[in-house]
Amino acid sequence: MAVVKANAYGHGALPCTQAVLDAGADTLGVGIVSEGIELREQGIQAPIQVLVGIFPDEADDLIQHNLTTTLHSRSLAETLSQRAGHLGKEVGVHIKVDTGMGRLGIVPDQLPAWVEFIASLKNIRIESIFTHFSSADNTDPSFTLKQIQCFQTSLDRLKKAKFDIPLAHCANSAALLQFPESQFSLVRPGICLYGALPAPGLGPVIDSLTAKNSQFSLLPVMQWKTRILAINSLPKGSPVSYGQTFVTQRDSRIATLPVGYADGLERLLTNRMQVLVRGHKVPQVGTVCMDMCMIDVTDSAEVQEGDEVVLFGQQGKERITVDEMAAQAGTLSYEILCGVGKRVPRIYLP
Ligand SMILES: *Cc1c(COP(=O)(O)O)cnc(C)c1O
């Protein structure tokens, strides 16, 4: 299952969906019903699971668009059965077991009774049993191993009770990379499809996989670029941007970029990040504004208005990863990628 929720982690739902299906993915994971509907309306016919689950009043939309949902409550099961019957259809569900995330799902002990109840409902097809890891990106494997064991025990109980459920799944990207025993019949990678790390500490894991297996590599899918809108010569002692958080310490050339926090360039990155211009790293200076931010190009005399600037990605021999940007902002690659604003045009290279 290729996870393409949140506009494919900011990369654009439809082009990424087409790419992962072309690459052999069997099924898709979205977050919410509207994301599934959007893909259906654009002609995607592959199975789609709404991972978050739904409110009862979304049942008709789900069923009419041939989407399947995570199932985590009895009342939702009843509503789905009733609405599917009313619409003359069948609806697929994925029963979520909470093995330690404390977010969604039923307690493992109740699983057999649950499955029996759901199997007794008309117009519902149980497609899978699944769970989600809370700490698979951790260097300490103990909690994840506990979750895997709990999941396995739940499956064993079902088998004993003679329930035959087609699929079982639990691995997210971090588990896929670190816990081969978590693979079961389906895996659900998201972030690693986009070439970013689930956690900065997993870099060495990736490197060792790459070293062992030349078929394996993780390449960043997205690069974020802009251009220099203006260059100003500011004398020593000039404040730059809101709140004067940066004051030039010398006669400076300060370049203005037409990108700001409304585009997803976190205000927290103010005076912390670097960007690439003409193949060199230069510092961002002054408070990041809604639509603009400034960089200091004093040391790069050749830099001109209109020059390409890389926020993350490659330029010449230099590279800035989304993980580095995320670290500077005190967050993860996930949040930066999902946060790249709607008005930033996505350009797809063949
Ligand atoms: C988002 C999500 C995933 C993918 O997680 P990554 O860490 O991006 O690989 C897998 N399973 C569920 C239930 C999710 O919500």
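Residues numbered from 1 in each chain as written. Predicted model: local features only at pLDDT ≥ 70, side-chain atom pairs only at ≥ 80, totals over all residues. Heavy atoms only, no water.

1. As for the overall build of the protein
Link 1 in the chain: Of the regular secondary structure elements, the protein holds eleven helices and 18 strands.
Link 2 in the chain: Taking all 350 residues of the protein together, the buried fraction comes to 50%.
Link 3 in the chain: Long-range contacts, defined as pairs at least 24 residues apart, comprise 63% of the intrachain contacts of the protein with a sequence gap of at least 6.
Link 4 in the chain: If you sum the accessible surface of the protein, you get close to 17,100 Å²; carbon and sulfur atoms cover 52% of it.
Link 5 in the chain: Averaging the coordinates of the 30 positive side-chain charges in the protein and doing the same for the 35 negative ones gives two points 2 Å apart. (Helix = DSSP H or I, 4+ residues; strand = E, 2+ residues; numbered from the N terminus. Buried < 20%, exposed > 50% of the residue type's maximum accessible area, 1.4 Å probe, protein only. Contact = heavy atoms within 4.5 Å. Areas by Shrake-Rupley, 256 points an atom, 1.4 Å probe, with all protein chains shown as cover. Lys, Arg positive; Asp, Glu negative; His and termini not counted. Charge placed at Lys NZ, Arg CZ, Asp CG, Glu CD.)

2. Quick notes on the pattern of salt bridges
Link 1 in the chain: Under the counting rule described, the total for this entry stands at ten salt bridges.
Link 2 in the chain: Here Arg125 and Glu90 are joined by a salt bridge, their closest N and O atoms 2.9 Å apart. With Arg125 in strand E6 (residues 124-130) and Glu90 in the loop between helix H5 (74-87) and strand E5 (91-96), this residue pair connects regions lying 35 residues apart in the sequence.
Link 3 in the chain: Among the residues examined, Arg125 registers a relative accessible area of 32% and is labelled partly exposed.
Link 4 in the chain: Note that Asp299 is salt-bridged to Arg250, the shortest N-O span being 2.9 Å. Separated by 49 residues along the polypeptide, Asp299 in the loop between strand E16 (293-296) and strand E17 (308-315) and Arg250 in the loop between strand E12 (246-247) and strand E13 (252-257) bring together distant segments of the chain.
Link 5 in the chain: A cluster of three or more residues bridged by salt bridges with shared partners is formed by Glu90, Arg125 and Glu127. (Salt bridge = Lys/Arg side-chain N within 4 Å of Asp/Glu carboxyl O.)

3. Points about the site of the ligand
Link 1 in the chain: Near the ligand, the surroundings consist of Val3, Lys5, Tyr9, Leu51, His132, Asn172, Ser173, Arg188, Pro189, Gly190, Ile191 and Tyr334.
Link 2 in the chain: One of the side-chain N or O atoms of Ser173 is found 2.5 Å from an oxygen atom in the ligand.
Link 3 in the chain: Within the side chain of Tyr334, one N or O atom sits 2.6 Å away from an oxygen atom of the ligand.
Link 4 in the chain: Notes on the ligand: free accessible area 390 Å², of which the protein chains cover 92%.
Link 5 in the chain: In terms of residue class, the shell around the ligand is built from six nonpolar, four polar and two charged. (Near = heavy atom within 4 Å. Polar contact = N/O pair within 3.5 Å; in protein donor to acceptor, adjacent residues only side chain to side chain. Nonpolar A, V, L, I, M, F, W, Y, C, P; charged D, E, K, R; others polar.)

4. Brief notes about the packing of aromatic side chains
Link 1 in the chain: All told, the structure shown has four aromatic pairs when counted by the stated rule.
Link 2 in the chain: Ring centres of Phe151 and Phe184 lie 5.1 Å apart, and the angle between their planes is 85°; on these two criteria the pair is classed as edge-to-face. Taken together, the residues Phe151 in helix H7 (residues 142-160) and Phe184 in the loop between helix H8 (173-178) and strand E8 (186-187) connect sequence positions 33 residues apart.
Link 3 in the chain: Owing to a relative accessible area of 28%, Phe184 belongs among the partly exposed residues under this scheme.
Link 4 in the chain: A centroid spacing of 6.0 Å and a plane angle of 70° characterise the contact between Trp224 and Phe312, whose relative ring orientation is edge-to-face. Of the two residues, Trp224 sits in strand E9 (residues 224-227) while Phe312 sits in strand E17, which places them 88 residues apart along the sequence. For the pair shown, Trp224 and Phe312 are each scored as buried.
Link 5 in the chain: The residue whose ring lies beneath Arg74 is Phe117, and the NZ or CZ to ring-centre distance is 4.1 Å. (Phe/Tyr/Trp six-rings, centres within 6.5 Å; stacked < 30°, edge-to-face > 60°. Lys NZ or Arg CZ within 6 Å of the ring centre and 35° of its normal.)

5. Comments concerning the sheet that holds strand E2 (residues 28-30)
Link 1 in the chain: Pairing is parallel in the open sheet, where eight strands are placed in the order E1-E2-E3-E4-E5-E6-E7-E8. In this open sheet, the two strands that pair with only one neighbour each are strand E1 (2-3) and E8.
Link 2 in the chain: Where E5 and E6 come together, six bridges link them in parallel fashion. In the sheet register, Val93 faces E6, and the bridge partner there is Ile126.
Link 3 in the chain: The sheet strands contacting helix H6 (residues 111-120) are strand E4 (68-71), E5 and E6, and the helix crosses E6 at an angle near 160°. (Pairing = 2+ DSSP bridges. Axes fitted to C-alpha atoms, helices over the stretch in contact; angles between N-to-C directions.)

6. Quick look at the environment of Arg272
Link 1 in the chain: Following the sequence through the fold, Arg272 ends up in the loop between E13 and strand E14 (274-277).
Link 2 in the chain: Distance in space between the C-alpha atoms of Arg272 and Val285 is 7.9 Å, their sequence separation being 13 residues.
Link 3 in the chain: Apart from the residues within four sequence positions on either side, Arg272 is in contact with Gln284 and Gln328.

7. Section: the state of the cysteines
Link 1 in the chain: Tallied over the full model, the rule gives zero disulfides.
Link 2 in the chain: Its sulfur unpaired, Cys16 is 12 Å from the next cysteine sulfur, which belongs to Cys338.
Link 3 in the chain: For Cys338, a relative accessible area of 38% corresponds to the partly exposed category. (Disulfide = S-S within 2.5 Å.)

8. Description of the domain arrangement of the protein
Link 1 in the chain: Along its sequence, the protein is organised into domain 1 (2-212) and domain 2 (224-339).
Link 2 in the chain: Placing the centre of domain 1 and that of domain 2 at their C-alpha centroids yields a distance of 38 Å.
Link 3 in the chain: Listed per partner, the contact involves nine residues of domain 1 and seven residues of domain 2.
Link 4 in the chain: Counting the surface lost from both domain 1 and domain 2, the interface buries some 700 Å², and carbon and sulfur atoms represent 70% of this.
Link 5 in the chain: One can count zero salt bridges joining domain 1 with domain 2.
Link 6 in the chain: Along the contact surface separating domain 1 from domain 2 lie one residue pair in polar contact (both at pLDDT 80 or more).
Link 7 in the chain: Across the side of domain 1 that touches domain 2, the residue classes tally to seven nonpolar, two polar and no charged. (Domains from an automatic or database assignment. Buried area = accessible area lost by both parts, 1.4 Å probe.)

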